[in-house]
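# Residue-level structure breakdown
Now for the letters of each chain:
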Amino acid sequence: MTDRERYKQAFSALPSSRHLEVEEMEQIYRTHRKKLATAAAIACAAVIGAGGTAYAADLGGIQTRLSIWLFGEQTEITATENEDGGYTFIYDRGDGTESFGFGGVSIDEDGGLTSLSADELAAHINASASVEKDENGSVWVYYYDQKTEITDLFDENGVCSITMTHEGESIYLTITQDGEGSYSYTQTNDPQEAAMTTTTIITDDD
Amino acid sequence: MRLSVQKLAESCQSSLFAAAFSICQNAQDAEDVVQDTFVQYYTTKKEFEDEQHIRAWLIRVAVNKAKNVTRTFWRRNRISIEDYMETLVFETPEAENLFETVMQLPEKYRIVIHLYYYEDYTVGEIAGILKLSESNVKIRLSRGRAMLKEVLKEEWNND
């Protein structure tokens, strides 16, 4: 018996994986896309705001100047590559320099992972809404150039649902009060998913 | 050229599972890899030259996905390869011994050995699938074989 025959005999002990039907594949595809979108959103939310004040001169990586939407305003920002394959974004918020760390990966056709570029991350930041509480206690949602106050729109469970539209594309946000001054939110482009929520207000950029 | 997922599943599913398993060493992870690989084929707009091209692409995707699984921090709670092997039925004690020895090889040698001996790919084809140089594949193949020979002795010819 040759080594090849031996090898094939040994690995023939492995069971075949379960049979996949095309209909099932379509269902998996839909779920898969949703999971990818959710995973990207979670990755962004987890790192935004994690940084403190930093200065561009302290950072050694390659710098890129970008313009992104932050707090409803077009903001000039410096992106500096960090050791983790992500970027440190630094911007001037009027009363001093602020920074945050941000990174992400894309999955290519061969299943390989590639770190997102500063431009790709900026596009992701632009397409993601943000929720902030100001010094007066008012809660605001920002999306591109839009700014909407939602302080009084939370239901008895501390949940607010809102639809925002930019250049014909709608996003559906569900914002939840987690505690004193803390909010979490989910963002989706799927109206069916958004239909599960209760109070809805609609804003757009027209 | 495109083939239906159904047809590919019939001809390639076992191969993809074996390739993924040789990297993940976990049946559930390998199942997920196979499923994700077919989803990727189902969704890609890539055009293929022939069935061999599709097969090589599927193997490459499965290998990459399986590597990603092994690097994932939050891997599922998994049963050990030893426990899983107790559920497998081998034709001979030598076959079991060979399987176990291959599973103990470092990953980079294991996948090259698997593609060469199970999938019958040439060194050049393996280099293409794994995006390695041919000389690198030859070195890994040679070292993997030497490790198998050292453990298996006369049960492995090094042919």
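Residues numbered from 1 in each chain as written. Chains lettered and ligands numbered in written order. Predicted model: local features only at pLDDT ≥ 70, side-chain atom pairs only at ≥ 80, totals over all residues. Heavy atoms only, no water.

Moving on to the interface of chain B and chain A. With 50 residues of chain B in contact, the opposing surface of chain A contributes 32 residues. Summing both sides of the interface, chain B and chain A together bury roughly 3,700 Å²; the carbon and sulfur share of this comes to 55%. If you look at where chain B meets chain A, you find two salt bridges. Elements with a contribution of two residues or more to the side of chain B that touches chain A: α1 (5-24), α2 (27-43), α3 (51-71), α5 (93-104) and α6 (107-117) of chain B. With nine residues, the top contributor of residues to the side of chain B that touches chain A is α2 of chain B. (Contact = heavy atoms within 4.5 Å. Buried area = accessible area lost by both parts, 1.4 Å probe. Salt bridge = Lys/Arg side-chain N within 4 Å of Asp/Glu carboxyl O. Helix = DSSP H or I, 4+ residues; strand = E, 2+ residues; numbered from the N terminus.)

A separate point is the pattern of salt bridges. What the rule picks out here adds up to four salt bridges over all chains. Salt-bridge contacts for Lys8 of chain A lead to Asp120 of chain B; the nearest nitrogen and oxygen are separated by 2.6 Å. Taken together, the positions of Lys8 of chain A in helix α1 (residues 3-11) and Asp120 of chain B in the loop between α6 and α7 (123-130) put the pair across two chains. Across the pair Arg55 of chain B and Glu119 of chain B runs a salt bridge whose closest N-O atoms are separated by 3.0 Å. With Arg55 of chain B in helix α3 and Glu119 of chain B in the loop between α6 and α7, this pair connects stretches of sequence that are 64 residues apart. When salt bridges with common partners are traced through the structure, they connect Arg4 and Lys8 of chain A together with Asp120 of chain B into a single cluster.

The terminal C-alpha atoms of α5 of chain B, which comprises twelve residues, lie 17 Å apart, in line with the 16 Å expected from a rise of 1.5 Å per residue. Buried residues belonging to α5 of chain B abut α1 of chain A together with α1, α4 (81-85), α6 and α8 (134-152) of chain B. (Expected span 1.5 Å × (residues − 1).)

Phe11 and Leu14 of chain A together with Phe21, Tyr41, Leu58 and Phe99 of chain B are the most contacted members of the largest nonpolar core, which totals 63 residues. Among the elements that make up this core, the one with the highest residue count is α1 of chain B (eleven residues). Among the domains, domain 1 (1-81) and domain 2 (89-154) of chain B are the pair contributing at least three residues each to this core. Beyond its immediate chain neighbours, meaning those up to four positions away, Phe21 of chain B contacts Leu14 of chain A together with Asn26, Ala27, Ala30, Ile81, Tyr84, Phe99 and Met103 of chain B. In terms of nonpolar packing, the next biggest core, distinct from the first, is built from 18 residues, Phe71, Phe100, Ala122 and Trp140 of chain A among them. (Core = buried A, V, L, I, M, F, W, Y, C linked by side-chain atoms within 4.5 Å. Buried < 20%, exposed > 50% of the residue type's maximum accessible area, 1.4 Å probe, protein only. Domains from an automatic or database assignment.)

Here we come to the environment of Gly72 of chain A. Residue and element names in this part refer to chain A. Mapped onto the secondary structure, Gly72 falls in the loop between β1 (63-70) and β2 (73-81). For Gly72, a relative accessible area of 15% corresponds to the buried category. The sequence separation of Gly72 and Ala129 amounts to 57 residues, and the corresponding C-alpha distance is 9.6 Å. Those residues in contact with Gly72 that sit more than four places away from it in its chain are Tyr142, Tyr144, Asp145 and Gln146.

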